[in-house]
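Residue-level structural notes
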Amino acid sequence: MPGNQQAGALEEFLANLVAEGDLLLEFAKSSTQQARTKGATFPDAKRSKAVLHTWLAWQRDPGLPYGAAIRAQFFRHDSAAAQAFVAWYRSLFPDQDHEP
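Let me begin by describing the structure that accompanies this report. (Residues numbered from 1 in each chain as written. Predicted model: local features only at pLDDT ≥ 70, side-chain atom pairs only at ≥ 80, totals over all residues. Heavy atoms only, no water.)

1. Things to note about the packing of aromatic side chains
Put simply, the rule is: Classification of ring pairs rests on two measures: the distance between centres of Phe, Tyr or Trp rings, Trp counted by its six-membered ring, which must be within 6.5 Å, and the angle between planes, read as stacked under 30 degrees, edge-to-face over 60 and tilted in between. Numbering of helices and strands runs from the N terminus, with a helix taken as a DSSP run of H or I at least four residues long and a strand as a DSSP run of E at least two residues long. Burial status follows relative accessibility: with a 1.4 Å probe on protein chains alone, a residue under 20% of its type maximum counts as buried, one over 50% as exposed, and anything between as partly exposed. For a Lys NZ or an Arg CZ to count as sitting over a ring, it must be within 6 Å of the ring centre and within 35 degrees of the ring normal.
Here the structure, examined in full by the defined rule, presents six aromatic pairs. Relative to F85, the ring of F13 has its centre 5.6 Å away and its plane inclined at 55°; by these criteria the two rings are tilted. Residue F13 is located in helix α1 (residues 10-15), and its partner F85 is located in helix α5 (residues 80-92); the two are separated by 72 residues in the primary sequence. Note on F13: relative accessible area 9%, which makes it buried. The class for F85 is partly exposed, based on a relative accessible area of 28%. Three or more aromatic residues link up through ring pairs in this structure, and these residues are F13, F85, W88, Y89 and F93. Geometry around F42 places R36 over its ring, the cationic atom sitting 4.6 Å from the centre.

2. Topic: helix α2 (residues 23-37)
This is how it is decided: Multiplying 1.5 Å by the helix residue count minus one yields the expected span of that helix. Here, two residues are considered to be in contact whenever any of their heavy atoms come within 4.5 Å of each other. Counting of polar contacts relies on pairs of N or O atoms within 3.5 Å, with two restrictions inside protein: one atom must be capable of donating a hydrogen and the other of accepting it, and residues adjacent in sequence are counted only when both atoms are side-chain atoms.
In a regular helix each residue adds 1.5 Å, so 15 residues correspond to 21 Å; α2 covers 22 Å between its end C-alpha atoms and thus fits that length. Next to the buried residues of α2 lie α1 and α3 (47-57). For α2, the N-terminal cap is D22; the gap from its side-chain oxygen to the backbone nitrogen of L24 is 2.9 Å. In the stretch just after α2, G39 is the one whose phi turns positive, near 110°.

As structure tokens, this is what we get:
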């Protein structure tokens with residue numbers, strides 16, 4: 001996990017960058033859980049991946065990979081989690097040009 005402050009997969013970090021109160025993310029969580037009752041076979045350890053990919057499938061450009069979804073600004077760059085990640089990254093690579 002970026003910053004080594006919490007356990008989890010990249011998908012859990014990215015889910016923290018979704019706008020607070022996003023109804024589609026909550027619906028993706030419940031839909032993914034319901035899919036399990038309909039025969040979906042993803043393992044429990046991959047649930048966060050299934051949720052995030054479901055959420056991404058419902059965006060204006062469905063199915064983008066994570067990097068492209070970040071560039072498309074589907075995730076919030078101004079959240080506390082994003083700012084903490086940038087600060088951590090800059091502390092690791094202080095001599096790098098950090099401009100996009």
